[in-house]
Amino acid sequence: RRPLHLCIWRLASPSRVSAAMAAAMAGVSKKRLSEMLDVDMEGAALEQGPDVEMEESSGAQRPASFAEWFQVASASELRNCLKSLVGEMPQVATQVQEMLTEEKAHQEWVNQEEKSWNDKKAASANLDQPAKAPDNRERENFDMQARFIPLRLTPDERTLLVILSGAMYVSEYTGKVDVYHAGNKSRRMALQIQQVCAILAGLVVSNNFDIARKPLIEREFAENAHFFSAVFEVGRRYKILSPDKLRGTYGKLIHMLQDSVKDDVARAVGFECVVPVKSVATLVAMKQRGQELLNDPLLTTATGEIYESGKTRAEVQAEVRDKSEALRELKEKYAEKAAAGAPAPKAAGDLGELLRGKTSETAVMTEENVETIIASISDHLSFQRFNREPCERMITFLKTYFNPNDDRGWSLEINRGRGGSCLSHGHKTQFTFVLQSLMLWREIMGSMFALWQCTEDDLLDPSLRYRLCDTGQGLNRLQSAPRVSRMMQHILHKVQSEVGGWVGLSVVHLGDRDVPNALVFIDKYTQVPQILAPIVACLDKLPEVYESSRATRELIDKEFNNLDTLRMLILQDFFRHGFDGSGDDGGSCVDGRLTSCWNWCSKVEKKKYFPALLLTGFTGFDGGFDGGW
């Protein structure tokens, strides 16, 4: 079936255009399109241009092409052209009728949504108490969170990040170090670290020859210690901000830094490669009135996210203005203008300052500092929403569509040995098991920045030694993680107090063959939104796909009876076999629940409803490792 505009274009041959133009130029009385196509347009008439006759009488130049005529034609001329098209191609009338029907249905939906929103505002206006915020942004304690929030990268730092990513991409550090071999291992580690520094130096010199040539070519690595440690810090900070990036290079980077903190390796390399990650707290601590900025009520408005759903355009624009106004006021209140004629301080990551080992940063708070603090906190809030929202949506689905005390509709009961299940849970027990797992993941996602800091503190602690061990998945670095373990116990205790009990084991594997080190642990839990978000997106998209065409509706109705049955089937299967214990220790431990979800994801293409997922645009539960990943 050809769209209407293609039909018009196909008819736009010279003979047909001239015929259509001749028919259109003939004056016709004003008519409604509904009279021609028998479609009710709610009395909307197409108005004829008032100057058409005057232009014809004055002998205006006739358009040379159909495209030109289409741009200047009046409503009457377009109506006559459409009539000629319907005469030659009757199917055009059907297409136009379907288009108008869809437009009418869309307009009705818009009116209904607008009415619903106005009713909601009127109801909230009558309440004695103000409406409760949809999230916890107003209660966010920025002072407590600041030490876990990394600073957003500057443009100069992003340039260094690209260079670091390229250097680690070509490095074979783990392939040369994490193997059984004879000889002095510390010497081999130091040699590989120096090779990485040499690659970095070469890439930086080729990128900025004039500035980097003398410092990086004529000096020893130890003399450029400030530069190399700063570049490594940029990579670590970016990984915390974007866990789905640097997937093939961060592991080599952190393992290299893990070896560099050893005393004998540090002596051989000649400098310390590890420095603390820059956070909002570090920037605030070195700036005047920085603490006052964190406690300012305007900071909540300046860093808050703006949601479009359920709001009119005017309301969204008002929120944007409020946010811009809050940023402007914070700049005026806390930023100090530089003295006349004084040079502006260099931005973080400036290559010249890094190579000199000095900084022009002072205790004066500048507008750029205020913007960086606000942007970093905004990134933190967006990160939390992106990670927590899929968990919250799945919890809502579970509580809305399943009753723990009634299994007559859609039961969540699982039995060991059936459908790959390794556990036997009744409906109510499985409901609680799934609910507490999702609540635990939600709390972990909300504390992800803090867990990242604990992870790096454990990995880069020189007092925590590791040993190479074959865990069944190749050689891994087996190392304890006391900081991550303490924080996980705190999160686990909080969830247990909320649910009032605990189904299954409360063991958190860390430093054993299941989870060898803190890096494996944090990498596992960064996959939670990658698993849940596609499921939520498919469930949200299915109604739109169902109504998209008649063939789709017939297919879904034939295979699954109706749309609601299909959505419930997906939820039931995920809540049952995504938590069926197909992990270690019977799958009931804290980490085994996530392993069970991995197993379910690997088998989703064999599910009966998999074609329906593909219709929604589903491509998988994870991204690639090339390009920007």
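Structure: see above.
Residues numbered from 1 in each chain as written. Predicted model: local features only at pLDDT ≥ 70, side-chain atom pairs only at ≥ 80, totals over all residues. Heavy atoms only, no water.

Brief notes about the overall build of the protein chain
Basically, it comes down to this: The numbering of helices and of strands both runs from the N terminus, where a helix is a DSSP run of H or I of at least 4 residues and a strand a run of E of at least 2. We call a residue buried when its accessible area falls under 20% of the maximum for its residue type, exposed when it is over 50%, and partly exposed in between, using a 1.4 Å probe and counting protein chains only. We call two residues in contact when some of their heavy atoms are within 4.5 Å. Only the protein chains shown count as cover for residues, and the accessible areas themselves come from Shrake-Rupley with a 1.4 Å probe.
Looking only at helices and strands, the protein chain features 30 helices and 2 strands. Per-residue burial over the protein chain gives 44% buried out of 629 residues. Contacts spanning at least 24 positions in sequence make up 74% of the contacts within the protein chain whose residues lie at least 6 apart. For the protein chain, the computed accessible surface area is about 33,200 Å², with 51% contributed by carbon and sulfur atoms.

A closer look at the packing of helix H27 (residues 550-560) against helix H28 (residues 563-577)
This is how it is decided: Interaxial angles span 0 to 180 degrees and are taken between N-to-C directions of axes, which are lines fitted to C-alpha atoms, for helices over the stretch in contact. Any angle between 65 and 115 degrees counts as roughly perpendicular, while under 35 counts as roughly parallel, over 145 as roughly antiparallel, and the rest as oblique. Crossing handedness: left-handed means the near helix sits turned counterclockwise from the far one by under a right angle, and right-handed means the same turn made clockwise. All residues other than Ala, Val, Leu, Ile, Met, Phe, Trp, Tyr, Cys, Pro, Asp, Glu, Lys and Arg, Gly among them, are scored as polar; the first ten of these are nonpolar and the last four charged.
Here H27 crosses H28 at 60°, and the two axes come no closer than 8 Å. With respect to H28, the element H27 is oriented oblique. For H27 against H28, the interelement crossing comes out left-handed. Within the contact between the two elements, H27 uses Ile556, Asp557 and Phe560 and H28 uses Leu563, Thr565, Leu566 and Leu569. Broken down by class, the residue content of the contact of H27 with H28 amounts to 5 nonpolar, 1 polar and 1 charged.

A closer look at the environment of Thr429
Within the secondary structure, Thr429 sits in helix H22 (residues 427-446). With a relative accessible area of 32%, Thr429 lands in the partly exposed category. Spatially, the C-alpha atom of Thr429 lies 8.8 Å from that of Leu412, the residues being 17 residues apart in sequence.

Some points on the side chain of Gln258
Inclusion rule: The term polar contact refers here to a pair of N or O atoms within 3.5 Å; inside protein, the definition further demands a hydrogen-donor-capable atom paired with an acceptor-capable atom, and it admits residues adjacent in sequence only when both atoms are side-chain atoms.
Topologically, Gln258 is positioned in helix H14 (residues 250-260). Exposure remark for Gln258: the relative accessible area of 5% places this residue in the buried category. In this structure the side chain of Gln258 is engaged in a polar contact, spanning 3.1 Å, whose partner is the side chain of Gln479.

Some thoughts on helix H26 (residues 528-546)
Each turn of an α-helix holds 3.6 residues, which means side chains three or four residues apart point in the same direction. Rules: Expected helix span is given by 1.5 Å per residue-to-residue step, counting one fewer step than there are residues. At any given residue, the bend is defined as the angle formed between two axes, one fitted to the seven residues that end at that position and one fitted to the seven that begin there.
The terminal C-alpha atoms of H26 lie 28 Å apart, and with 19 residues this matches the ideal 27 Å at 1.5 Å per residue to within 8%. At Asp540, H26 shows its largest kink, close to 30°, and the proline Pro543 lies no more than four residues downstream.

With respect to unusual backbone geometry
Although it is not a glycine, Arg289 adopts a positive phi angle of roughly 65°. In this structure Arg289 comes out as partly exposed when scored by relative accessible area, which is 36%. One non-glycine residue with positive phi stands out, namely Asn561, at about 75°. Residue placement: Asn561 occurs in the loop between H27 and H28. The class of Asn561 is exposed, set by a relative accessible area of 58%.

Here we look at the state of the cysteines
As used here, a disulfide is simply a covalent bond connecting the sulfur atoms of two cysteines. Here is the rule we go by: By convention in this document, the label disulfide applies to cysteine sulfur atom pairs within 2.5 Å.
For the structure on display, the rule yields 0 disulfides. Of the cysteine sulfurs around Cys197, a residue in no disulfide, the closest is that of Cys273, at 5.6 Å. Classification of Cys197 as buried rests on a relative accessible area of 1%.

A look at the packing of aromatic side chains
Each aromatic ring pair is summarised here by two numbers: the centre-to-centre distance and the angle between the ring planes. To be explicit about the condition: Only Phe, Tyr and Trp rings are paired, with Trp represented by its six-membered ring, and only when their centres lie within 6.5 Å; those with planes under 30 degrees apart are stacked, over 60 edge-to-face, the remainder tilted.
Throughout the structure, instances matching the rule amount to 15 aromatic pairs. When the ring of Phe383 is compared with that of Phe449, the centres are 4.6 Å apart and the planes differ by 25°; the resulting orientation is stacked. In this pair, Phe383 sits in helix H21 (residues 367-401) while Phe449 sits in helix H23 (residues 448-459), placing the two residues 66 residues apart along the sequence. Ring-pair connections join several aromatic residues into one group, and the members of that group are Phe402, Trp441, Phe574, Phe575, Phe579, Trp600, Phe610, Phe618 and Phe621.

Thoughts on the nonpolar core
Here is the rule we go by: In plain words, nonpolar cores are sets of buried Ala, Val, Leu, Ile, Met, Phe, Trp, Tyr and Cys residues tied together by side-chain atoms within 4.5 Å.
By size, the foremost hydrophobic cluster in this structure holds 121 residues, and its most contacted members are Phe227, Phe232, Met394, Trp441, Tyr525 and Phe575. Discounting residues that sit within four places of it in the chain, Phe232 has contacts with Leu164, Cys197, Leu200, Leu253, Met256, Leu257 and Cys273. If you look at the next biggest cluster of nonpolar residues, it comprises 20 residues, including Phe142, Leu330, Val370 and Ile373.

Topic: the pattern of salt bridges
Let me state the cut-off plainly: A side-chain nitrogen of Lys or Arg and a carboxyl oxygen of Asp or Glu constitute a salt bridge if their distance falls within 4 Å.
Summed over all chains, the structure comprises 27 salt bridges. For Lys311, the salt bridge identified is with Glu319, shortest N-O distance 2.7 Å. Taking the relative accessible area as the measure of exposure, Lys311 reaches 25% and is therefore partly exposed. Judged by its relative accessible area of 27%, Glu319 falls in the partly exposed class. For Glu547, the salt bridge goes to Arg553, with nearest N and O atoms at 4.0 Å. When its relative accessible area of 53% is taken as the criterion, Glu547 is described as exposed. Take Arg553: its relative accessible area is 28%, and that puts it in the partly exposed class. One network of salt bridges, in which partners are shared, links Glu157, Glu233, Arg237 and Lys278.

Description of the side chain of Ser421
Looking at the secondary structure, you find Ser421 in the loop between H21 and H22. When sequence neighbours within four positions are dropped, the list of residues in contact with Ser421 reads Ile414, Asn415, Arg416 and Asp580.

Here we look at the pairing of strand E1 (residues 467-470)
So the rule is basically this: Being paired, for any two strands, means DSSP has found at least two bridges between them.
Relative to strand E2 (residues 475-478), E1 runs antiparallel, the two being bridged by 4 bridges. By the bridge assignment for E2, Cys469 is matched with Asn476.

A few points about the environment of Ile149
For Ile149, the position within the fold is in the loop between helix H8 (142-145) and helix H9 (155-170). Judged by relative accessible area, which is 1%, Ile149 ranks as buried. Ignoring sequence-local partners within four residues, the contact set of Ile149 consists of Ser279, Val280, Ser376, Ile377, His380 and Phe449.

Here we look at the packing of H21 against H26
Helix packing geometry: the angle between the two helix axes and the distance between the axes. Between H21 and H26, the shortest axis-to-axis distance is 9 Å and the interhelical angle comes to 55°. As judged from the angle between their axes, H21 and H26 are oblique. The element H21 and its partner H26 pack so that their crossing is left-handed. For the pair formed by H21 and H26, the contact residues are Phe386, Asn387, Pro390, Cys391, Arg393, Met394 and Phe397 on the first element and Val528, Pro529, Leu532, Ala533, Ile535, Val536, Leu539 and Asp540 on the second. Taken together, the residues that form the contact of H21 with H26 break down as 12 nonpolar, 1 polar and 2 charged.

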